[in-house]
Amino acid sequence: MELLTALAIGALFGIAVFQILRRNVIRSVIGLILLGNAINLLLLSTGAYQGLVPAYTDAIGQRSDALPQALVLTAIVISMASITLVLSMLYVLSARYRTSDLDEINELQG
Amino acid sequence: MDQHLALLPILLPLLGAAVAVLLRRRPALQGAWALVIMLSSLASSGWLLARVWSSGQPVVFQSGGWPAPFGISLVADLLSATMAVMSQTVLVAGILYALGSRDQVVGYPAFYPLFLTLSVGLTGAFLTGDLFNLYVFSELMMFSGAILTAISDDRLGVEAAFKYFYISLLASAFLLLAVGSLYVSYGTLNLADLAWRIEANPAAPLLPLAIALLTATFMVKSAVTPFHFWQPDFHTASPTAVSAMLSSVVVKLGVYGFLRMTTLLFVEQAPAVRGLLVALGLAGILYGGLSAAGTHNAKRLLAYSTLAQIGFILVAIGWGTPLALAAALIFTVNHSLIKAALLMLAGAVASRAPVKTAAFDVITGLGRQMPRAGVLFFLGGLALIGIPPTNGFISKMMLFRSGIEAGQFTTLAAVGLVSVLTLIYVIRAFQRIWWQPPLEEAKVKPVGDRLLAPALLIAAVLVLGLWPDPLIRLAQATAAWLGDPQAYVRAVLGG
């Protein structure tokens, strides 16, 4: 299970960084979403001693730490809001510049 | 009751923002309400600072009554309280400017609530004693700032806000990664708890990663040179009342973060961070100064100048002696006042230009019709360069004295040489706007933004220049406090 989680986090990070570096803004935002998920998984895994036993069992030393789950919950809410804001700004930008290429959204220079 | 005082500067604007949303159909009332709330919030943070300073002990609020490492603590020590007072002073001036502004954006129902949440995020990030809570507050600040810029009158606002928001999201990702790696190594996120655990076990394998990630995060927040590229766009395109906040107090979050990192969290590892800060600070002074001298827009010039001024602060933090830390704090406070005033003045000139922009092509010579703004800009410019009788002189003097005391003569010589650039770009802006004749028969609008807010800030600049003693003593007390991280740990954790 740990190996699987580690591999999943690594793969998500890799794909996310690759996507973020693309010139297409929409792909780039998808990379951002993936990055958020990779970080959430990482946070989740920091609290799981065994990773399988839920936080509220009586088996002390076996159970998962509940705090990272609270952190992840907060992070999910915030990332939902931020992705919404990014996408809404992207909507305005794509309507105005008629492109999804980052290099062409460049009126601010000087 | 006493410890609840630390909550007020955060809670008041938050409640105020909620009520301001309800007042959205009464614009005049909403603006007045925002001003009243911001003023009372400033009063509460001033009270907090007075309490912390007179007692010599930080005010610690454990939310929900949970003792320190388990609950979220708000810690108002001298540094946090000073930063809170500084930022709320400038935010009050920002609301005053917005009330007298002729921008369309200040009429939007969302403007004042967002302005208040910006202040919540900023003050909260200064006052919190928990790393994850810092993330949440800085996120709130980032959202408010980005939306306020995206709705700017300038049609490029959306592009600038997108850029800023995107970069800041990446910075938040860094911060979350740092949170994760610190939590897995030490099992806590409370700053005081982290501080002693890191000191007890500095060999944790993920610690260097966490330090690097936190450094990168605060560099993005403060727009330090390699991470600065979004900053001039963002500060130019946002509405004047907002850009004056962004370029003065919002960028100070990173400065605060570096001060906390080097004096509380990573005391043993601080030399590496400090070396980096000196190098990047010097690069920032040079790059910001050169870019400011070469740009074609007054607001952009001031935004680039922020890069350079943050560089001075970083160099002082990098020297790291008590006197240098005091100098960094004085520089931080003074720069906030100066830069907010200057940006407001540039915005006021732009508001009377035929086309609403601060580009030199348009506003050259317009200043001849607004002599009062000229006097204020001249005084602010003197302060930015560092000429008496302004507070800018005090901050430069403290910086150079601390450099001599620390024996950093090479860096000091470089700083002194490069700070001549400040003189060049300030004179250039003043010359273009107030000395040169207008390019053609420009039609200046009869009314523009009111000059009350920048006038108040410039008055503060002069007062702090002529009577700097209280600020210097406060900064030295803060530096002495920062030199003893154990005291912080004891105050938060008890015992």
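Values in this document were obtained by computation on a predicted structure and should not be read as measured data.

Conventions and cut-offs
- Residues numbered from 1 in each chain as written.
- Chains lettered and ligands numbered in written order.
- Predicted model: local features only at pLDDT ≥ 70, side-chain atom pairs only at ≥ 80, totals over all residues.
- Heavy atoms only, no water.
- Core = buried A, V, L, I, M, F, W, Y, C linked by side-chain atoms within 4.5 Å.
- Buried < 20%, exposed > 50% of the residue type's maximum accessible area, 1.4 Å probe, protein only.
- Helix = DSSP H or I, 4+ residues; strand = E, 2+ residues; numbered from the N terminus.
- Contact = heavy atoms within 4.5 Å.
- Expected span 1.5 Å × (residues − 1).
- Buried area = accessible area lost by both parts, 1.4 Å probe.
- Salt bridge = Lys/Arg side-chain N within 4 Å of Asp/Glu carboxyl O.
- pLDDT = per-residue confidence, 0-100.
- Polar contact = N/O pair within 3.5 Å; in protein donor to acceptor, adjacent residues only side chain to side chain.
- Pairing = 2+ DSSP bridges.
- Axes fitted to C-alpha atoms, helices over the stretch in contact; angles between N-to-C directions.
- Parallel < 35°, antiparallel > 145°, perpendicular 65-115°, else oblique.
- Left-handed = near helix turned anticlockwise from the far one by under 90°.
- Nonpolar A, V, L, I, M, F, W, Y, C, P; charged D, E, K, R; others polar.

**What to know about the nonpolar core**
All names here are of chain B. Among the nonpolar cores identified, the biggest contains 218 residues, and F111, F165, L182, L214, F258 and I317 are the most heavily contacted of them. Tallying contributions element by element places helix α14 (residues 322–352) first for this core, with 22 residues. Excluding its chain neighbours within four sequence positions, the residues that come into contact with F111 are A98, V105, V106, L148, A241 and V242.

**So, helix α16 (residues 371–385) of chain B**
Residues and elements named next belong to chain B. With 15 residues, α16 should cover 21 Å at 1.5 Å per step; its first-to-last C-alpha distance of 21 Å lies within 8% of that length. All of the buried residues in α16 are A373, G374, L376, F377, G380, G381, L382, A383, L384 and I385. For α16, the secondary structure elements touched by its buried residues are α13 (298–319), α14, α17 (391–406), α19 (420–435) and α20 (452–466). Trailing α16 by a residue or two, G386 shows a phi angle of about 105°, which is positive.

**Remarks on the environment of V224 of chain B**
Residues and elements named next belong to chain B. Within the secondary structure, V224 sits in the loop between α8 (207–222) and α9 (231–237). V224 sits in the buried class, given a relative accessible area of 3%. In sequence terms V224 and A308 are 84 residues apart; their C-alpha atoms lie 9.0 Å from each other. Filtering out sequence-adjacent residues up to four positions away, V224 remains in contact with M219, F258, L280 and L314.

**A word on helix α6 (residues 157–186) of chain B**
Taking 1.5 Å of rise per residue, the 30 residues of α6 of chain B would be expected to cover 44 Å, and the 42 Å separating its terminal C-alpha atoms lies within 8% of that figure. Where α6 of chain B terminates, the next one or two residues include G187 of chain B, which has phi positive at roughly 70°.

**Quick word on the interface of chain A and chain B**
If you look at the interface, chain A gives 34 residues, while chain B gives 31 residues. Across the chain A to chain B interface the summed buried area is about 2,900 Å²; carbon plus sulfur atoms make up 78%. Of all residues in chain A, the largest losses of buried area upon contact with chain B belong to I78, M89 and L108 of chain A, amounting jointly to 23% of the total for that side. Across the contact surface, chain A and chain B share zero salt bridges. When residues of the side of chain A that touches chain B are traced back to their parent elements, those giving at least two are α1 (2–20), α2 (25–47) and α3 (67–97) of chain A. With 16 residues, the top contributor of residues to the side of chain A that touches chain B is α3 of chain A.

**What about the confidence of the model for chain B?**
Of the residues in chain B, 99% reach a pLDDT of 70 or more, and the chain-wide mean stands at 91. Across the interfaces of the predicted complex, the ipTM metric reaches 0.90, alongside a pTM of 0.93.

**Brief notes about unusual backbone geometry**
The peptide bond linking P388 of chain B to P389 of chain B adopts the cis configuration, its omega dihedral lying at 10°. With respect to the helices, strands and loops of the structure, P389 of chain B is situated in the loop between α16 and α17. The residue R98 of chain A is not glycine, and still its phi comes out positive at about 55°. Along the chain, R98 of chain A turns up in the segment after α3.

**Here's the deal with the side chain of S82 of chain A**
Within the secondary structure, S82 of chain A is located in helix α3. At 3.0 Å, the side chain of S82 of chain A forms a polar contact with the backbone oxygen of S79 of chain A. If we ignore the near neighbours within four places in the chain, the residues touching S82 of chain A are F143, F165 and L169 of chain B.

**Details of the pairing of strand β2 (residues 73–76) of chain B**
Residue and element names in this part refer to chain B. Going residue by residue along β2, you find S73 and V75 tucked away on one face and L74 and A76 tucked away on the opposite face as well. Sheet topology places strand β1 (residues 59–62) next to β2; four bridges connect them, and they run antiparallel. Bridging from a neighbouring strand, V59 pairs with A76 of β2.

**As for the packing of α3 of chain A against α6 of chain B**
Their axes nearest at 10 Å, the elements α3 of chain A and α6 of chain B cross at an angle of 165°. Our classification of the angle between α3 of chain A and α6 of chain B gives roughly antiparallel. The element α3 of chain A and its partner α6 of chain B pack so that their crossing is left-handed. A per-class count over the contact of α3 of chain A with α6 of chain B returns 19 nonpolar, one polar and two charged.

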